[in-house]
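Commentary on secondary and tertiary structure
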Amino acid sequence: MATSTTPASGNQFLKHAGIEHPVICGAMYPCSNPELVAAASEAGGIGIVQPISLVYVHGHEFRAGLKYIRTLTKKPIGLNLLVEKSAKRYEDRLKVWLDIAIEEGVTFFVTALGNPSWVIEKVRPVGGIVYHDVTNLKWAERAVGYGVDGLVCVNNRAGGHLGPETPEKLLNDLKKFGLPLVCAGGVGSHKEFHEMMALGYQGVQLGTRFIASKECTAHEDYKNAILKATAADIVATDKISGVPVSIIKTPYIEGVGIHASPVAKWLLRHPNFKHYMRMFYTLRSIWQLKQSNQRGSSYKDYWQAGKSVDTIESVMTVKEIVQELTGS
Ligand SMILES: Cc1cc2nc3c(=O)[nH]c(=O)nc-3n(C[C@H](O)[C@H](O)[C@H](O)COP(=O)(O)O)c2cc1C
């Protein structure tokens with residue numbers, strides 16, 4: 001059965017994003033280089049800018065980075081905002097980035113990790129759309145209460161921060177809200193794309209599949225590790241950010257283990273310390289992931305990837321990936 005992906009099919013997500021194919025190239029720290037974002041949009045899906053990645057990994061001043069992407073595609077792009085309560089300086093920075101993105105014509109936003117109300121308040125008057133990453137019913141209820149336009153349902157096969165639920169359970173639990181649901185996790189080929197669309201998702205958000213693309217500037221060792229890995233090689237570690245993150249089990253990871261120390265776990269839960277601990281983890285992981293992404297096996301290999309590695313067999317162009325996924 002062919003999956004209809006035209007806006008005429010009544011797919012609300014396609015209308016919200018203003019795109020042709022229901023495929024998001026998810027935001028990825030540190031892998032979202034501007035060429036990858038642009039290529040996903042140019043292929044008829046939508047590429048999501050990860051601002052920390054754009055500025056601190058790929059070295060673009062934020063507005064200049066958006067303008068550069070605009071030279072590569074005129075089609076819609078999105079912006080990812082990790083809205084978790086954090087240091088004031090970071091929150092102020094997010095607000096500036098959001099204002100600039102609106103000025104540069106971005107209208108699709110994918111928020112994660114906290115309360116997206118302030119983003120909704122800011123973008124709604126200018127026709128912006130906010131989808132929020134959720135991992136279970138509890139977080140979805142909160143997001144719906146804040147007034148989001150759609151939910152990105154992060155399942156237990158996802159790369160990056162993964163959730164506890166299967167794609168089927170998430171869909172069953174969240175369809176009652178009547179919002180467009182996008183499946184994030186475990187989609188690496190047409191087979192899973194088609195299965196998720198047939199289940200009732202209106203779109204898919206992929207990360208791992210797009211790392212193994214020609215346009216992604218991640219290190220060759222990282223791409224090869226994705227091609228070589230199977231789902232059994234993907235493990236969840238809380239050592240990077242204090243919450244479970246999917247990574248490829250390499251000899252380095254086997255050596256250092258996948259669990260944060262009991263003291264770190266206690267500090268991460270303690271009301272007085274948790275924000276500092278998270279900030280420490282975030283800053284440390286920003287550095288570690290950047291090094292792994294750019295220096296390959298010569299550094300500690302913290303390679304984030306999801307169970308979609310199972311069906312990823314070659315490095316392709318983003319256009320080929322979108323065509324293969326959607327059968328277009
Ligand atoms: C290397 C990597 C980095 C990621 N960084 C972010 C991020 O900064 N913000 C975010 O909202 N999601 C992030 N994600 C999640 C992706 O946007 C997407 O939801 C996820 O990769 C989907 O699962 P898949 O990898 O199985 O396709 C990341 C995923 C990966 C693999």
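Just so you know, these numbers come straight off a predicted model, no measurement behind them. Each chain carries its own residue numbering, running from 1 in the direction its sequence is written. This being a predicted model, a pLDDT of at least 70 is required before a residue's local features are given, and a value of 80 or more before pairs of side-chain atoms are given or counted; all residues contribute to the totals for chains, interfaces and linings. Water and hydrogen atoms play no part in the side-chain values, which are based on all heavy atoms of the structure.

**Notes on the confidence of the model for the protein chain**
In predicted models, pLDDT denotes the confidence assigned by the predictor to each residue on a 0 to 100 scale. Here the protein chain averages 88 in pLDDT, while 82% of its residues score no lower than 70. In this description, contact between two residues means that some pair of their heavy atoms is separated by no more than 4.5 Å. Low pLDDT, under 50, characterises residues 1-8; the predicted model gives this stretch 14 contacts beyond four residues in sequence or across chains.

**Some details on the sheet that holds strand β5 (residues 129-134)**
What makes two strands pair is DSSP finding at least two bridges between them. Strands here mean DSSP runs of E at least two residues long; helices mean DSSP runs of H or I at least four residues long; both are numbered from the N terminus. With parallel pairing, eight strands are arranged side by side around a closed barrel as β1-β2-β3-β4-β5-β6-β8-β9. The average angle at which neighbouring strand axes cross in this sheet is 25°, direction not considered. Here an axis means a line fitted to C-alpha atoms, over the contact stretch when the element is a helix, while the angle between two N-to-C directions is reported on a 0 to 180 degree scale.

**Topic: the pattern of salt bridges**
Basic side-chain nitrogens of Lys or Arg form a salt bridge, by our definition, when they fall within 4 Å of a carboxyl oxygen of Asp or Glu. Evaluated as defined, the whole model comprises eight salt bridges. A salt bridge links glutamate 104 to lysine 67; the nearest nitrogen and oxygen atoms lie 3.2 Å apart. Note that glutamate 104 is positioned in the loop between α5 (88-103) and β4 (108-112) and lysine 67 in helix α4 (residues 62-72), a separation of 37 residues in sequence. Put simply, Arg63, Lys67, Glu103 and Glu104 are held in one network by salt bridges that share partners.

**Topic: helix α11 (residues 220-228)**
For α11, the full list of buried residues reads Tyr222, Lys223, Ala225 and Ile226. An end-on view of α11 places all buried positions within 160° of arc, on one side of the element. Between buried and exposed lies partly exposed: a residue is buried under 20% and exposed over 50% of the maximum accessible area for its type, with that area taken using a 1.4 Å probe on protein chains only. This arc describes the spread of directions from the helix axis toward the C-beta atoms.

**Digging into the pairing of strand β3 (residues 78-82)**
Residues in a regular strand point their side chains to alternate faces of the sheet. With four of its five residues buried, β3 lies for the most part within the structure. Here two bridges tie strand β2 (residues 46-49) to β3, and the two strands are oriented parallel to one another. Counted as the bridge partner of valine 49 is leucine 79 from β3. Direction of pairing for β3 relative to β4: parallel, over a ladder of five bridges. Across the sheet, the residue bridging to glycine 78 is phenylalanine 108, located in β4.

**Description of the site of the ligand**
Nearness is judged by heavy atoms alone; a residue qualifies as near a molecule or strand once a single heavy atom is within 4 Å of it. What surrounds the ligand is a group of 24 residues, the closest being Ala27, Gln50, Gln205, Gly207 and Thr208. Any pair of N or O atoms that falls within 3.5 Å is considered a polar contact. Within protein, one atom must be able to donate a hydrogen and the other to accept it, and sequence-neighbouring residues count only if both atoms are side-chain atoms. A distance of 3.4 Å separates an oxygen atom of the ligand from a polar atom in the side chain of aspartate 133. Taking threonine 208, its side chain carries an N or O atom lying 2.6 Å from an oxygen atom of the ligand. Contact with the protein chains hides 94% of the accessible area of the ligand, taken as 590 Å² for the molecule alone. Mapped by element, the contributors of at least two residues to the shell around the ligand are β3 and β9 (203-206). Here the shell around the ligand is built from residues that sort into 10 nonpolar, 12 polar and two charged. Using a 1.4 Å probe, the Shrake-Rupley method yields the accessible areas, and only the shown protein chains count as cover for residues. Each residue gets one label: Ala, Val, Leu, Ile, Met, Phe, Trp, Tyr, Cys and Pro are nonpolar, Asp, Glu, Lys and Arg are charged, and the others, such as Gly, are polar.

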